[in-house]
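Secondary and tertiary structure notes
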Amino acid sequence: VRPRMMLPTRHQRWNAPTHPRAPSPRKTRQPKTKKATTAKPSHASDHRKDRVSFHHSVTVYPVFQTSSYPPSLLSKMYTQREELRTNKSRNKREYAYDGHDWRNATEEDDMSEGSDGELVHPVHR
C-alpha cells in the first residue's frame with residue numbers, strides 16, 4: 001500500500017495521534033535538531049562533483065506507527081488495493097503505447113482534455 005500525500009488546508013489543524021509509545025505532543029511540536037555528518041566519496045578525489053555533503057544542522061520529525069492512526073485517517077493516507085490495480089493497469093497500457101521507453105513518454109501537449117477537464121492519454125481515446 002502506497003502512502004498518499006495529505007496536507008491540511010489553512011483552516012484545518014491536524015493533531016498527531018496519541019499512542020502509548022509515541023512521544024508526547026509537547027515534544028513533537030519542536031522538532032529535534034541534530035548534527036549531520038559529511039559523507040566521503042568512495043575513492044579519494046579532489047573533484048568537487050565527486051563529493052556528497054549534508055547541511056550541518058538538520059530537523060528530525062517523529063514518524064508514528066501505522067497502528068497509532070485512526071482507521072478513518074488511514075483510509076485517506078493510503079491507496080486502496082482496487083485503486084492501485086486500476087492505476088497499474090492504466091500505467092501499463094500507457095507505457096506500452098509509448099513503446100516501453102520512458103524517453104518516448106507522451107507529453108501533456110499530445111494529450112486531449114476529457115469531459116472532466118483531466119488530460120487523457122492517447123491510448124484511451
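What you see is a predicted model, and the numbers here were worked out from it, not measured in a lab.

**With respect to the overall build of the protein chain**
Helices and strands together make up the secondary structure of the protein chain, namely 3 helices and 4 strands. The order of helices and strands in the protein chain, counted from the N terminus, is α-β-β-α-α-β-β. Residue burial in the protein chain is summarised as follows: out of 125 residues, 14% are buried. Just so you have it, the protein chain exposes about 11,600 Å², and 50% of that area is on carbon and sulfur atoms.

**Things to note about helix α3 (residues 81–97)**
Between its terminal C-alpha atoms α3 stretches 25 Å, which fits the 24 Å expected from 17 residues at 1.5 Å a residue. Once α3 ends, the next one or two residues include glycine 99, with phi positive near 75°.

**Focus on unusual backbone geometry**
The phi dihedral of histidine 100 is positive, around 55°, even though this residue is not glycine. The topology assignment puts histidine 100 in the loop between α3 and β3 (112–113). Judged by its relative accessible area of 53%, histidine 100 is exposed.

**Considerations on the pattern of salt bridges**
Taken as a whole, this structure holds 3 salt bridges when the rule is applied. In this structure, arginine 85 and glutamate 82 form a salt bridge, with 3.4 Å as the shortest nitrogen-oxygen distance. Here the residue arginine 85 and the residue glutamate 82 both occupy positions in helix α3, the gap between them amounting to 3 residues, near one helical turn.

**Examining the side chain of aspartate 98**
Tracing the sequence through the fold places aspartate 98 in the loop between α3 and β3. Although buried, aspartate 98 forms no salt bridge, and the nearest oppositely charged side chain, arginine 125, lies 10 Å from it. With residues up to four places along the chain from it excluded, the contact list for aspartate 98 reads Asn104, Ala105, Thr106 and His121.

**Some remarks on the environment of arginine 90**
With respect to the helices and strands, arginine 90 occurs in helix α3. Between the C-alpha atom of arginine 90 and that of histidine 124, which follows or precedes it by 34 residues, the distance is 9.0 Å. There is a polar contact of 3.0 Å between the side chain of arginine 90 and the side chain of asparagine 87.

**Brief notes about a negative patch on the surface**
Together, Glu107, Glu108, Asp109 and Asp110 make up a negatively charged patch on the protein surface. For glutamate 107, the position within the fold is in the loop between α3 and β3. Given the relative accessible area of 52%, glutamate 107 is considered exposed.

**What to know about the side chain of threonine 106**
As for its placement among the helices and strands, threonine 106 is situated in the loop between α3 and β3. Looking at threonine 106, its side chain comes within polar contact range of the side chain of histidine 121, at 3.1 Å. Ignoring anything within four residues of it in the chain, the contact list for threonine 106 reads Tyr97, Asp98, Met111, His121 and Pro122.

Conventions adopted
- Residues numbered from 1 in each chain as written.
- Predicted model: local features only at pLDDT ≥ 70, side-chain atom pairs only at ≥ 80, totals over all residues.
- Heavy atoms only, no water.
- Helix = DSSP H or I, 4+ residues; strand = E, 2+ residues; numbered from the N terminus.
- Buried < 20%, exposed > 50% of the residue type's maximum accessible area, 1.4 Å probe, protein only.
- Areas by Shrake-Rupley, 256 points an atom, 1.4 Å probe, with all protein chains shown as cover.
- Expected span 1.5 Å × (residues − 1).
- Salt bridge = Lys/Arg side-chain N within 4 Å of Asp/Glu carboxyl O.
- Lys, Arg positive; Asp, Glu negative; His and termini not counted.
- Contact = heavy atoms within 4.5 Å.
- Polar contact = N/O pair within 3.5 Å; in protein donor to acceptor, adjacent residues only side chain to side chain.
- Patch = residues over 30% accessible without salt bridge, like charges linked within 9 Å, V, L, I, M, F, W, Y side chains within 5 Å.
- Charge placed at Lys NZ, Arg CZ, Asp CG, Glu CD.

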